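The chain contents come next:
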Amino acid sequence: MAALPLPALHASHGGCWLREKDLTGLGTRPLSKGEAVMAAADTPLLILNAPLLATRLGYPDLSGLDLLELYAFVHPARFVVPTPKGLAHALGLAEPEGDADVPRLLQEAAGALLDMCENGAWSEREGAWTSLQSLVRMRWPWATLLTGRIRKPERAERWLFTRLPEWEETPEVPQPRQVVLEDEEVLQRLASLTGSTAEQRPGQRAYAVETAHAFAPRERSGRPHVLLAQAGTGIGKTLGYLAPTSLWTEKAGGTVWVSTYTKALQRQLRAESRRAWPERRADGTRPVVVRKGRENYLCLLNLEDALQGGFNGRAAILAQLVARWAAYSQDGDMIGGDLPGWLGTLFRQRGIAALTDRRGECVYAGCPHYRKCFIERATRASVGADLVIGNHALVMVNAARGRDPASRPTRVVFDEGHHVFDAADSTFAAALTGAEAIELRRWVIGPEKASKGRRRGLSARLADVASYDEAGAKAIAAAREAAEALPGDGWMGRIAENAASGPLEELLAAVRATVYARDESGGQEAGYGLETEAASLEGSFVEIAQGARAALAELRQPLIRLGMRLEALLEEPPDWLDGPGRARIEGARHSLTWRVDTLGAWESLLDRMGGPADPEYVDWLAVDRSEAREFDIGIHRRWLDPMKPFAQVVLEPAHGVVMTSATLRDGEDWAKAIARSGAPNIEVMPRLSIHQSPFDYATQAEVLIVTDVPKGDIPALSAAFGRLIETSRGGVLGLFTAIRRLRAVYGRIADRLARGGLPLYAQHVDPIDTGTLVDIFRDDPAASLLGTDALRDGVDVQGDSLRLVVMEQVPWPRPTILHRARRLAGGGSTYDDTLIRAKLAQAFGRLIRSREDRGHFVVLSPAFPSRLLSAFPAGTPIRRVTLEEALQRVAGHAQGATADRAEDSQSLS
């Protein structure tokens, strides 16, 4: 393998390095940022991760020969950590010895990837030559270098859309048999999953037996078996519930859904499930299926549009690389699946989102790629699967409005069960906002003026119905006319200029005016939007709201009539309505029902404006902002207790439900966990079980409450973070409650740390998706990562890569109107304490993931309330210390010394 003799540039917070084109010449030399920008502007350079490099150089127009783009072309659907070290591992090259050695690696990696294209063993060759011809026309920087290395195939290559397999219709699945799982057979199944050489875990065995009770036959309609199982970290709960799950599916022939809150746990579950099920059954079907919402999957019709001119410039290159990936993808999952998370960020546009179905515009059987659709394939596969791995929101949506009753879950394990309340809160919410309303307008009307893309209005999607059925055609026309009342393009600009057009824009303008009139922030940007209660509203506001409600009713009525006409067509189908046509109309009915329900919720929301408050709900007006820039306006409604609709929609039709987590209950109290399960709303008393973590927290971990970092002092906070990371020599997960403070701290310490060989990454700063940031962090023990709530849950980093967790302060709840209402209903400060302890427990849970892990948990809070200390596992040493003392204790661990566990005057029981 020969290195590619082209200049290569690398930049980090520690400096910039350039390796010249002549590999035998001067080699690599350091240079200033200005010199690096000039070099990059003069000639295309070999680089890695252009957006990140551009951020480091402060040169947003940076372009070049990005190794990640080449990797995505040569090895689509293959994982790689997008760092020099990760690229070296993926290609079997020597790791760079430091920043100065990275340009050498880039030249060698480029040579290795280009050589692979001439290798007869290249497994992703099919389709490459055809894709390259398009990329040549688009002047992709790598195209010239690839042209001579990829030979033209003897036969014309199949187009992507002919290569993808078709899903097949399957017969209806019979209802599962009613079986009872015996304790002994559950334990035998658990032993077969863990293996004969695995250590015996009494807690895991007890947990598996308890979980099996949820699969017993239901005794009364509407009264499912509900189990709340708290399982401490290290119990092995995944295999603990997969043992009875796999046994029940085998004996009963039914389907179990396992639901998660994070994509990270979905990936872990998929890997663990291979112990219980083969990749495919004898008939070729998959016993385990991963299901996500439609917006996660590649839409083949959108991709075809992009490939045929719908995308321009860099976005068109992205479409070609996505097409390469689609041909080799396992399931077409673009968000958290086998599409590299970093691919979309390389193109600095919302190209990935545009290739999914985020607007609910699917035409189902009217799509020419319907029989190859990734979404439809996953949906159908889940009906006959033994195990469906989903997420909380999808389970709730499927239960509420699933197209196929057979796909609605009746046996569900909610892993990360402490988040079921949050998921229900979002799922059963109503929000009449400008962004939501304009999407509904586009769904009804379709493209307007000079808009591009594949938008299709109702009349285009149901053209055959309109031509056949006069009543249906009239309903479509009436709906289109009524939709003109919804906000149109440029609505925010018109509102800002006091030129609102139509009843809905007038409503949004009134919302904005009311919110600003009641604003008590003094003009200070608090890092989030503005809101006010939907109470004591002026008569003029109520009048405008009623006008908007009437306009929404004008739209809802023809949509209802259209739905009735579609139902009539299905009951007495015309001669021209074939199977695909029937499926398309059924899909249209499903979409119509969804929109009709949404409009009904909006009307109900507006009908309450000016009237007495409904104690079941919390309503408020809001202007959503980001860094003082407005991006949406609207009226919001949430259930005071979202577990009421959850109980009715999800629990009541189910036969068995398990909610499990390491942090279900608050301390020793089950009452709040029971209430937040929703079970009392259907008069079910859950079965309760608790299984303590097997870890020795007294020797594996230590909590340090730092008392001398003043709250609100950004320089002091930054210095504390910097010194802790330096003392620990990396391996730090920093958790913030505010993005502004995260950015301020990062900006003050990143350069200094990098010069010491300690790379620092951050959410909301680095142009990298969260999943990839965690992959980078896991891959490099010297790296540290700063983030917010998304890193407090679902981050599983074992071993030396995570040895110190630092929280910048106590995670107090945000003082929103919704929180105030729930706080009042939930017991005031005790409600807050419950939420805070749960967040602290989840954050602490990131630290110790195995028996070998050791580390410290540091909270930079001079006035940490003692009542919150019960959030940490019993026996964990907790000390209030100065920053200097904390650094000494962290240093002792970093040097491999055993920290002194003796009780002293600063020790807390």
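Residues numbered from 1 in each chain as written. Predicted model: local features only at pLDDT ≥ 70, side-chain atom pairs only at ≥ 80, totals over all residues. Heavy atoms only, no water.

Trainee: When you look at the pattern of salt bridges in this model, what are you seeing that I'm missing?
Mentor: Evaluation of the coordinates by the stated rule reveals 52 salt bridges. A salt bridge links K237 to D415; its shortest N-O distance comes to 3.7 Å. Pair noted here: K237 is in helix α11 (residues 237–252) and D415 is in the loop between β10 (411–414) and α18 (420–427), with a separation of 178 residues, a long-range link. Of the residues examined, D415 reaches a relative accessible area of 1% and is grouped as buried. Members of the salt-bridge network, linked through shared partners, are R270, R274, E279 and R286. (Salt bridge = Lys/Arg side-chain N within 4 Å of Asp/Glu carboxyl O. Helix = DSSP H or I, 4+ residues; strand = E, 2+ residues; numbered from the N terminus. Buried < 20%, exposed > 50% of the residue type's maximum accessible area, 1.4 Å probe, protein only.)

Trainee: I'm lost on the environment of F347 in this one. Help?
Mentor: You can see F347 is positioned in the loop between α14 (314–326) and α15 (351–354). Along the sequence, F347 and I317 sit 30 residues apart, while their C-alpha atoms lie 8.7 Å from each other.

Trainee: Would you explain helix α17 (residues 392–401) in this entry?
Mentor: Side chains of residues three or four places apart in an α-helix project in the same direction, reflecting 3.6 residues per turn. Within α17, burial applies to H392, L394, V395, M396, N398 and A399. On its buried side, α17 packs onto β7 (256–260), β9 (387–391), β10, α18 and α27 (643–651). (Contact = heavy atoms within 4.5 Å.)

Trainee: What should I look at first to understand the environment of K474 in this one?
Mentor: Take K474: it is sitting in helix α22 (residues 470–483). The exposed category is assigned to K474, whose relative accessible area is 55%. Along the backbone, K474 and Y746 are 272 residues apart, and their C-alpha atoms lie at a distance of 59 Å.

Trainee: Quick question: what am I supposed to make of the sheet that holds strand β15 (residues 656–661) here?
Mentor: The strands making up a sheet associate through backbone hydrogen bonding, with each pair oriented either parallel or antiparallel. The strand order β8-β9-β7-β10-β15-β6-β16 describes an open sheet built from seven strands, whose pairing is parallel. The open sheet has two free edges, formed respectively by β8 (288–290) and β16 (687–691), since each of these has just one partner strand. The sheet shows a mean angle of 15° between the axes of neighbouring strands, taken without regard to direction. Across six bridges, the pairing between strand β6 (residues 225–231) and β15 is parallel. Residue pairing across strands places L228 opposite M659, the latter belonging to β15. Packing against the sheet, helix α10 (residues 202–212) makes contact with β6, β15 and β16, and its axis sits at approximately 165° to β16. (Pairing = 2+ DSSP bridges. Axes fitted to C-alpha atoms, helices over the stretch in contact; angles between N-to-C directions.)

Trainee: Hey, could you run me through the packing of aromatic side chains in this one?
Mentor: By convention here, two paired aromatic rings are described through the distance between centres and the angle between planes. If you walk through the whole model with that rule in mind, you get 12 aromatic pairs. Residue placement shows R371 over the ring face of W167; its charged tip is 4.5 Å from the ring centre. (Phe/Tyr/Trp six-rings, centres within 6.5 Å; stacked < 30°, edge-to-face > 60°. Lys NZ or Arg CZ within 6 Å of the ring centre and 35° of its normal.)

Trainee: How should I be thinking about the packing of helix α25 (residues 539–571) against helix α26 (residues 579–607) in this particular structure?
Mentor: How two helices pack is summed up by the angle between their axes together with the distance between the axes. It is at 9 Å that the axes of α25 and α26 come closest, and there the two elements cross at 155°. Viewed along their axes, α25 and α26 adopt a mutual orientation that is roughly antiparallel. Once α25 is placed against α26, the crossing between them reads as left-handed. In terms of residue class, the contact of α25 with α26 is built from 18 nonpolar, three polar and nine charged. (Parallel < 35°, antiparallel > 145°, perpendicular 65-115°, else oblique. Left-handed = near helix turned anticlockwise from the far one by under 90°. Nonpolar A, V, L, I, M, F, W, Y, C, P; charged D, E, K, R; others polar.)

Trainee: I'm lost on the side chain of Q842 in this one. Help?
Mentor: Checked against the element boundaries, Q842 lands in helix α34 (residues 829–844). Given the relative accessible area of 7%, Q842 is considered buried. Separated by 3.3 Å, the side chains of Q842 and H418 make a polar contact. Not counting residues within four places of it along the chain, the set of residues in contact with Q842 comprises H418, S661, T663, R792 and D793. (Polar contact = N/O pair within 3.5 Å; in protein donor to acceptor, adjacent residues only side chain to side chain.)

Trainee: Looking at this model, I keep getting lost on the sheet that holds strand β12 (residues 530–533). Mind explaining?
Mentor: With respect to topology, four strands assemble into an open sheet ordered β11-β14-β13-β12, the strand pairing being antiparallel. The open sheet has two free edges, formed respectively by β11 (430–433) and β12, since each of these has just one partner strand. Each neighbouring strand pair of the sheet contributes to a mean axis angle of 20°, computed without reference to strand direction. When β11 meets strand β14 (residues 629–639), the two strands line up antiparallel, connected through four bridges. When the bridges of β14 are listed, T433 appears paired with G634. Sheet contacts for helix α33 (residues 817–826): β12, β13 (617–626) and β14; angle to β13, the most-contacted strand, approximately 150°.

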